[in-house]
There are 2 protein chains.
Amino acid sequence: MAALTIHEAAQTTGWSARMLRYIEQLGLIESPRSAAGYRLYGPAQLQRLRTLKELLDGHGLELGDVGFALRLRKEPALTEALDEWFEATPRKPVEIPDADWLAFEQDKHKSLLTPVPTTTRSTA
Amino acid sequence: MAALTIHEAAQTTGWSARMLRYIEQLGLIESPRSAAGYRLYGPAQLQRLRTLKELLDGHGLELGDVGFALRLRKEPALTEALDEWFEATPRKPVEIPDADWLAFEQDKHKSLLTPVPTTTRSTA
DNA sequence: ACATGCCTGACACATTGTTGGTAAGGTTGT
DNA sequence: ACAACCTTACCAACAATGTGTCAGGCATGT
């Protein structure tokens, strides 16, 4: 038998079988299946599982984070939307020194502030 | 006093004041402070808050996801590490001149040659 | 000065994510 | 045939998120 079963793979990688299934469910590592549907872990999968662990440990990540990173790779539109949002940063454009930035901000307020009617606050 | 206070900003953006502080705590939107430490929300921040809401709704994200995206921008090493992991695709691992790997491949083929398994395979 | 509003913390609660365990049923090797 | 192992699905326990609220202490406007 060249490939390992899930419990064997768990043994050698340090994950639990439960987590191996969970990782697959997150779309992070898909193992081939036998004709009967058994997961088969080959060297590639084992390597990936081990490096995944290092990745998490080394950078303080969680599986969900890697899952999100995967989503970013699969959905360029999402990456783009995030890029756009991050670029609309409230930080000053590098060319404008602090004082000018503040003046700029305040000036902007006078013209286009409050797109919503009265700021009536009903005390909660 | 050109900028809005936190409750006013909450009012116009649809977030709660509590969430505005939470968002700041996550490092997503930092508002300038008055001399006494009051948060001051200018047009830039308000815009950012509104688009943040759209971003979350439109893509089914959570604040933590955006926080993680921020981390990716601040830590190129992290992005690189993830790139590396994702590129280590299970099809062609690094370079394993291992007989085991070939054996695994053959086994995989053998498995794939077998027709539909006897298990109750409901074609979802 | 007083009423109101902001600040930081902290406690609380619902929801969700993570991880383990167990049960019912098919598969495999001896 | 039988023991051992896999699969999916479900329940449970515990941690993390998201969100409200309240308390004690300054700040601000009238």
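Residues numbered from 1 in each chain as written. Chains lettered and ligands numbered in written order. Predicted model: local features only at pLDDT ≥ 70, side-chain atom pairs only at ≥ 80, totals over all residues.

Caption draft 1: Region of interest: the overall build of chain A. If you tally the helices and strands in chain A, you get six helices and zero strands. Classification of the 124 residues of chain A by burial places 19% in the buried group. Across chain A, the fraction of contacts at a sequence separation of at least 24, relative to all contacts at a separation of at least 6, is 47%. (Helix = DSSP H or I, 4+ residues; strand = E, 2+ residues; numbered from the N terminus. Buried ≥ 20, exposed ≤ 12 C-beta atoms within 10 Å, placed from the backbone. Contact = placed C-beta atoms within 7 Å.)

Caption draft 2: How the structure looks around the protein's contact with DNA strand D. Every one of the 20 residues lining DNA strand D counts as a neighbour, but Thr5, His7 and Arg39 of chain A together with Ser16 and Ala36 of chain B are closest to it. By residue class, the composition of the surface near DNA strand D is nine nonpolar, six polar and five charged. (Near = placed C-beta within 6 Å. Nonpolar A, V, L, I, M, F, W, Y, C, P; charged D, E, K, R; others polar.)

Caption draft 3: Inspection of the environment of Gly60 of chain A at higher detail. All names here are of chain A. The topology assignment puts Gly60 in the loop between helix 3 (43-59) and helix 4 (63-74). Residue class for Gly60 comes out exposed when judged on the 9 C-beta atoms lying within 10 Å of it. Measuring from C-alpha to C-alpha, the distance between Gly60 and Thr5 comes to 29 Å, with 55 residues separating the pair along the chain.

Caption draft 4: Spatial organisation of the packing of helix 1 (residues 6-13) of chain B against helix 3 (residues 43-59) of chain B. Residues and elements named next belong to chain B. For the pair helix 1 and helix 3, the least separation of the axes is 10 Å and the interaxial angle reads 45 degrees. Between helix 1 and helix 3, the crossing angle belongs to the class labelled oblique. Pair helix 1 / helix 3 crosses with right-handed handedness. Residue-level contacts link Ala9, Thr12 and Thr13 of helix 1 to Gln45, Leu46, Leu49 and Arg50 of helix 3. Of the residues contributing to the contact of helix 1 with helix 3, the split by class is three nonpolar, three polar and one charged. (Axes fitted to C-alpha atoms, helices over the stretch in contact; angles between N-to-C directions. Parallel < 35°, antiparallel > 145°, perpendicular 65-115°, else oblique. Left-handed = near helix turned anticlockwise from the far one by under 90°.)

Caption draft 5: Structural context of helix 4 of chain A. A rise of 1.5 Å per residue sets the reference length of helix 4 of chain A, with its 12 residues, at 16 Å; its end C-alpha atoms lie 17 Å apart and thus fit the reference within 8%. Among the residues making up helix 4 of chain A, those that are buried are Asp65, Val66, Phe68 and Ala69 of chain A. For helix 4 of chain A, the buried positions fall inside an angular range of 155 degrees around the axis, keeping them on one side. Those residues of helix 4 of chain A hidden inside the fold are in contact with helix 3 of chain A together with helix 4 (63-74) and helix 5 (76-87) of chain B. (Expected span 1.5 Å × (residues − 1). Arc of directions from axis to C-beta.)

Caption draft 6: Region of the structure containing the nonpolar core. Residues and elements named next belong to chain B. Counting residues in hydrophobic clusters, the biggest one holds 12 residues: Ala3, Leu4, Ala9, Ala10, Trp15, Leu20, Ile23, Ile29, Tyr41, Leu46, Leu49 and Leu52. Of all the secondary structure elements, the ones that give two or more residues to this core are helix 1, helix 2 (17-25) and helix 3. Per element, the largest residue contribution to this core is three residues, and it comes from helix 3. Not counting residues up to four positions away in its chain, the partners in contact with Trp15 are Ala10, Leu20 and Leu49. (Core = buried A, V, L, I, M, F, W, Y, C linked by C-beta atoms within 7 Å.)

Caption draft 7: Expanded view of the confidence of the model for chain A. Residue and element names in this part refer to chain A. Averaged over every residue, the pLDDT of chain A is 79; residues scoring 70 or more account for 70%. When mean pLDDT is taken per element in chain A, helix 2 (residues 17-25) scores highest with 98 and helix 6 (residues 98-112) scores lowest with 38. Note that pLDDT drops below 50 for residues 90-124; the model gives that stretch 23 contacts with residues more than four away or on any other chain. (pLDDT = per-residue confidence, 0-100.)

Caption draft 8: Up close: the environment of Gly27 of chain B. Inspection of the secondary structure puts Gly27 of chain B in the loop between helix 2 and helix 3. Setting aside residues no more than four positions away along its own chain, Gly27 of chain B makes contact with Gly67 and Leu70 of chain B.

Caption draft 9: Just the environment of Ala81 of chain A, in detail. Its location among the elements puts Ala81 of chain A in helix 5 (residues 76-87). A C-alpha to C-alpha distance of 30 Å links Ala81 of chain A and Glu54 of chain A, two positions 27 residues apart in sequence. In this structure Ala81 of chain A touches Leu55 and His59 of chain B, once residues within four positions along its chain are discounted.

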